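# Secondary and tertiary structure notes
Here is how the chains run, residue by residue.
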Amino acid sequence: QVQLVESGGGLVQPGGSLRLSCAASRSISTIYAMSWYRQAPGKQREVVSSILFTGDTSYADSVKGRFSISGDNAKNTVYLQMNRLKPEDTAVYYCNADVRTSIGSGQYWGQGTQVTVSS
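Residues numbered from 1 in each chain as written. Predicted model: local features only at pLDDT ≥ 70, side-chain atom pairs only at ≥ 80, totals over all residues. Heavy atoms only, no water.

## What about unusual backbone geometry?
The test is simple: Only DSSP runs of H or I covering at least 4 residues are called helices, and only runs of E covering at least 2 are called strands; the numbering of each starts at the N terminus.
A positive phi is found at Asn76, a non-glycine position, where the angle reads about 50°. Locating Asn76 in the fold gives a position in the loop between β7 (67–72) and β8 (77–82). Although it is not a glycine, Arg84 adopts a positive phi angle of roughly 50°.

Right, here's the structure in full:
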């Protein structure tokens, strides 16, 4: 199991930046993948970015070139640096851990953090 706690959300003007943090209760190097998802009102939850235990990263087309995901193994924390924010980035952002072991697998979620991009 793993517990996830997100932080860093808030209100920002278009063009601004925010950095989200996701603190895990276990070493992130033992987690297959850590991802950020978001859900806007009336829309389905969508994946924004992922980082594998190998360090490989992936991004949704809508955020490529603006967002950057990274991990700090010493702090068991994954970050999402969001630059050049747009109103359409407004959503609740959730951290996800994809845990895979020899005896099973599981998906774990944080409580979410609100990001609002508005002037």
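## With respect to the pattern of salt bridges
Rule in force here: Basic side-chain nitrogens of Lys or Arg form a salt bridge, by our definition, when they fall within 4 Å of a carboxyl oxygen of Asp or Glu.
Summed over the entire model, instances satisfying the criterion amount to five salt bridges. Between Asp98 and Arg100 there is a salt bridge; the shortest N-O distance is 2.9 Å. Here the salt bridges do not stand alone but share partners, grouping Arg38, Glu46, Arg66 and Asp89 into one network.

## So, the sheet that holds β8
Within a sheet, neighbouring strands are paired by backbone hydrogen bonds and run either parallel or antiparallel to one another. For clarity, the cut-off: When DSSP finds at least two bridges between two strands, those strands are taken to pair. Under this scheme, a helix contributes an axis fitted over its contacting stretch, all axes are lines through C-alpha atoms, and angles between N-to-C directions fall in the 0 to 180 degree range.
On the basis of which strands lie adjacent, the open sheet formed by four strands has the order β1-β3-β8-β7 and antiparallel pairing. Across the chains shown, the open sheet's two edge strands, defined by having one partner strand only, are β1 (4–7) and β7. The mean inter-strand angle of the sheet, taken between neighbouring strand axes irrespective of direction, is 15°. Relative to strand β3 (residues 18–24), β1 runs antiparallel, the two sharing four bridges. Paired with Leu4 across the strands is Ala24, a residue of β3.

## Focus: the environment of Thr77
The cut-off we apply is this: It only takes one pair of heavy atoms within 4.5 Å for two residues to be counted as in contact. Counting of polar contacts relies on pairs of N or O atoms within 3.5 Å, with two restrictions inside protein: one atom must be capable of donating a hydrogen and the other of accepting it, and residues adjacent in sequence are counted only when both atoms are side-chain atoms.
Mapped onto the elements of the fold, Thr77 is located in strand β8. Here the alpha-carbon distance between Thr77 and Ser27, two residues 50 residues apart in the chain, equals 8.6 Å. For Thr77, the residues in contact, after removing those within four places along its chain, are Ser21, Cys22, Ala23, Ile28, Ser70, Gly71 and Asp72. A polar atom in the side chain of Thr77 sits 2.8 Å from the backbone oxygen of Lys75.

## Things to note about the nonpolar core
Cut-off, in case you're wondering: Put simply, buried Ala, Val, Leu, Ile, Met, Phe, Trp, Tyr and Cys residues joined by side-chain atoms within 4.5 Å make one nonpolar core. Each residue is assigned to one of three classes by its accessible area relative to the maximum for its type, calculated with a 1.4 Å probe on protein chains only: buried under 20%, partly exposed between the two thresholds, exposed over 50%.
Leu4, Met34, Trp36, Phe67, Leu80, Met82 and Tyr93 are the most contacted members of the largest nonpolar core, which totals 29 residues. Elements supplying a minimum of two residues to this core: β3, β4 (33–39), β5 (46–52), β7, β8, β9 (91–101) and β11 (113–117). Ranked by residues supplied to this core, first place goes to β9 with five residues. Sequence-distant contacts of Leu80, defined by excluding residues within four places in its chain, comprise Leu18, Arg19, Leu20, Trp36, Val48, Ser49, Phe67, Ser68, Ile69 and Tyr93.

## Concerning the side chain of Ser21
As for its position among the elements, Ser21 is in strand β3. By relative accessible area, Ser21 is classed as buried at 15%. With sequence-adjacent residues up to four places away left out, Ser21 is seen in contact with Val5, Glu6, Ser7, Trp36, Thr77, Val78 and Tyr79.

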